[in-house]
Amino acid sequence: MTTPVDRPDPVYTALSEHKGLLARSSRSSQTADIVRASILDGSLRPGQRLSEPDICAALGVSRNTLREAFRSLIEERLVNHELNRGAFVRIPTSDDVAELYQCRRVVEGAAVRGFDSDQEPIELAAALARADACAAEQDWTGVGTADIDFHKAIAALNRSRRLDQMMASVWNELRLVFHVMADPLTFHEPYLARNHEIYQAMTGGQVAAAEQMLADYLTDAESHIRGAYTHIVA
């Protein structure tokens with residue numbers, strides 16, 4: 001007796017028409033990863049034009065692949081495209097800064113409010129140690145990166161993968177904001193000490209005090225940045 005051969009569902013068969021996109025999508029995704037990393041580490045500065053010929057030559061990719069990568073980065077608010085001018089590293093606006101800090105108040109504030117001082121916040125301590133090491137070497141861009149790591153670790157205390165995913169774009173945009181600031185020394189130095197104070201209050205069982213310190217910190221940082229923006233960003 002012949003066993004009937006299972007026929008593939010036509011819905012799935014139709015997907016084969018798109019399999020050619022797989023390699024291309026992977027290539028554009030990898031290109032986006034490389035360009036994103038260069039934006040976030042400050043190698044490509046806010047406002048800098050992204051030269052298609054130079055990037056294509058450096059990475060060995062086609063213009064179509066690069067443009068697909070740019071589309072991803074535009075959705076992430078890291079790149080802008082200007083008609084007849086091309087792609088540029090995005091410069092966040094003062095209104096963007098306000099929205100970023102509002103997100104931080106909600107998410108980080110909830111994390112500190114719900115913090116159990118019996119917990120051992122290893123990631124917070126590690127971020128502070130990295131910030132101190134960078135400050136000792138006068139690497140204030142590194143201090144800014146460690147600052148984001150510290151506050152990312154605070155947000156992660158909410159123990160929500162969805163919140164972590166949502167906040168990923170906030171941290172990336174915040175890196176752009178930090179790169180806009182003209183003098184990383186005068187910007188980051190006072191906040192390093194305040195991060196230590198927040199950490200000490202949290203681990204010392206003074207959760208309400210830590211929450212207020214964090215709220216004051218975020219208000220001051222936002223005011224500092226938006227004040228500087230009036231002189232830096234035309």
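Peer 1: Help me understand the packing of aromatic side chains, please; the structure alone is not making it clear to me.
Peer 2: The relative placement of two aromatic rings is captured by the distance of their centres and the angle of their planes. A complete count under the given rule lists three aromatic pairs for this structure. With centroids separated by 5.7 Å and ring planes inclined at 55 degrees, the aromatic side chains of F187 and Y191 adopt a geometry described as tilted. With F187 and Y191 both in helix α9 (residues 184–203) and four residues apart, this pair spans about one turn of that helix. Given the relative accessible area of 8%, Y191 is considered buried. When the ring of Y191 is compared with that of Y217, the centres are 5.2 Å apart and the planes differ by 75 degrees; the resulting orientation is edge-to-face. Of this pair, Y191 sits in helix α9 while Y217 is found in helix α10 (residues 207–232), placing the two residues 26 residues apart along the sequence. This pair shows no difference in class: Y191 is buried, exactly as Y217 is. Among the aromatic side chains, those forming a connected cluster through ring pairs are F178, F187, Y191 and Y217.

Peer 1: Is there a simple way to explain the pattern of salt bridges in this structure?
Peer 2: Close approach of charged atoms allows side chains with opposite charge to pair. Enumeration over the complete set of coordinates arrives at 16 salt bridges. The closest approach of N and O atoms between R90 and E173, which form a salt bridge, is 3.4 Å. Of the two residues, R90 is situated in the loop between β3 (86–89) and α5 (94–113) and E173 in helix α8 (residues 161–180); the sequence distance between them amounts to 83 residues. Taking relative accessible area as the criterion, R90 reaches 9% and is therefore assigned buried. By relative accessible area, which is 6% here, E173 ends up buried. Residue D95 is joined to R226 by a salt bridge in which the shortest nitrogen-to-oxygen separation is 3.9 Å. Within this pair, whereas D95 is found in helix α5, its partner R226 is found in helix α10, the two being separated by 131 residues in sequence. Overall, R226 belongs to the partly exposed group, its relative accessible area being 29%.

Calculation criteria
Residues numbered from 1 in each chain as written. Predicted model: local features only at pLDDT ≥ 70, side-chain atom pairs only at ≥ 80, totals over all residues. Heavy atoms only, no water. Phe/Tyr/Trp six-rings, centres within 6.5 Å; stacked < 30°, edge-to-face > 60°. Helix = DSSP H or I, 4+ residues; strand = E, 2+ residues; numbered from the N terminus. Buried < 20%, exposed > 50% of the residue type's maximum accessible area, 1.4 Å probe, protein only. Salt bridge = Lys/Arg side-chain N within 4 Å of Asp/Glu carboxyl O.

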